Amino acid sequence: MAILRGLSDAAAAALDLAFPAACAGCGCEGEPLCATCRPALDARLAFRGGTPIGLPADLPAPLLQLEWCAPFAGPVRAALHELKYAGERRLAQPLGEAVARRWDRVGQGATVVVPVPVHAERERQRGYDQAALIAEVAARSLGLPCVRALERARATVAQFELDRDERSANVSGAFRVRVGARAGDATGAAARVAGRWILLVDDVVTTGATLAACAVALEEAGAFAVSAIAVARER
Ligand SMILES: [Zn+2]
């Protein structure tokens, strides 16, 4: 299995070299997100932290901070879609760097980055977890460790099919901190989140119910506090 995974990574890298990227935003050839479309990722960069912009300003408990880089629209939406469904993994770089820029500007306190996990079955089908790729780039840019500390405890319905109350119930108890270790995580996930201030990273946030459910699981495992950031906010 590890060999197969290695081969598929090598094949993916070879394909990346063989096919120059087309911009997810405008289709122009050259980069996965071109210099004209990339600034859309920084739409909120100059905004103060927590600026509600006509949104319900409530922060889903127990999150201390909920940030995002841009509205879920235009080139940002297209880039997230390409990363998630079209296998364009190179997009994790500009998306993760945008997360780091926004967090560097307004974020407070976090010392460990943890991605929101996709369903294990979906990661198997896709070969990667898009939120983890974004989180790894963001963590590297911020100079923080990235720990894949969470896993899905049970299956959930896709959040977009549900209203606000249903979303919260759908993801409540859906996450848990992984038991045991895994490559690059020698001391175990629980040990690495205990007593730490966590920054959760996801691709898209809507109500924040998923991030809140992840935060509950992290705090139950001993995390000191949990803040969150997504590339985009959808409403
Ligand atoms: Zn473009």
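So, how was this worked out
- Residues numbered from 1 in each chain as written.
- Predicted model: local features only at pLDDT ≥ 70, side-chain atom pairs only at ≥ 80, totals over all residues.
- Heavy atoms only, no water.
- Donors = N, O, S within 2.8 Å, 3.2 Å for Na, K, Ca; no water.
- Tetrahedral: all angles 85-135°; square planar, octahedral: opposite > 155°, others 65-115°.
- Helix = DSSP H or I, 4+ residues; strand = E, 2+ residues; numbered from the N terminus.
- Buried < 20%, exposed > 50% of the residue type's maximum accessible area, 1.4 Å probe, protein only.
- Pairing = 2+ DSSP bridges.
- Polar contact = N/O pair within 3.5 Å; in protein donor to acceptor, adjacent residues only side chain to side chain.
- Contact = heavy atoms within 4.5 Å.
- Phe/Tyr/Trp six-rings, centres within 6.5 Å; stacked < 30°, edge-to-face > 60°.
- Lys NZ or Arg CZ within 6 Å of the ring centre and 35° of its normal.

**Digging into the coordination of the zinc ion**
Note on metal sites: the ideal angle is 109.5 degrees for four tetrahedral donors, and 90 or 180 degrees for six octahedral donors.
Turning to step 1, where the next piece is worked out: Surrounding the zinc ion are the protein donor atoms C23 (SG), C26 (SG), C34 (SG) and C37 (SG), which sit 2.3 to 2.4 Å from the metal.
Turning to step 2, where the next piece is worked out: For the zinc ion, the four donor atoms in the first shell make angles of 107 to 114° at the metal, so the coordination geometry reads as tetrahedral.
Turning to step 3, where the next piece is worked out: In the primary sequence, the donor residues of the zinc ion line up as C-x2-C-x7-C-x2-C. Taken together, the residues C23 in the loop between β1 (21–22) and β2 (29–30) and C34 in the loop between β2 and β3 (66–71) connect sequence positions 11 residues apart. For the pair shown, C23 and C34 are each scored as buried.

**As for the pairing of β3**
Successive side chains on a regular strand alternate, one facing one side of the sheet and the next facing the other.
Turning to step 1, where the next piece is worked out: Across the six residues that make up β3, a large majority, five, are buried.
Turning to step 2, where the next piece is worked out: By the bridge criterion, five bridges tie β3 to strand β8 (residues 225–233) in an arrangement that is parallel. Counterpart to E67 in the pairing with β8 is I229.

**Side note on the side chain of E123**
Turning to step 1, where the next piece is worked out: Residue placement: E123 occurs in helix α4 (residues 120–126).
Turning to step 2, where the next piece is worked out: You can call E123 buried: its relative accessible area is 16%.
Turning to step 3, where the next piece is worked out: A distance of 3.0 Å separates the side chain of E123 from the side chain of R148, its partner in a polar contact.
Turning to step 4, where the next piece is worked out: When sequence neighbours within four positions are dropped, the list of residues in contact with E123 reads V118, Y128, D129 and R148.

**Regarding the packing of aromatic side chains**
Turning to step 1, where the next piece is worked out: For the structure on display, the rule yields one aromatic pair.
Turning to step 2, where the next piece is worked out: Aromatic side chains W197 and F224 sit 6.2 Å apart centroid to centroid with 70° between the ring planes, which places their arrangement in the edge-to-face category. Placement of W197 in strand β7 (residues 197–205) and of F224 in the loop between α8 (209–220) and β8 is noted, with a sequence separation of 27 residues between them.
Turning to step 3, where the next piece is worked out: For W197, a relative accessible area of 22% puts it in the partly exposed group.
Turning to step 4, where the next piece is worked out: For F224, a relative accessible area of 58% corresponds to the exposed category.
Turning to step 5, where the next piece is worked out: One cation-aromatic arrangement involves R44 over W68; the distance from NZ or CZ to the ring centre is 3.9 Å.
Turning to step 6, where the next piece is worked out: Note that R233 overlies the ring of W68, its terminal NZ or CZ placed 4.8 Å from the centroid.

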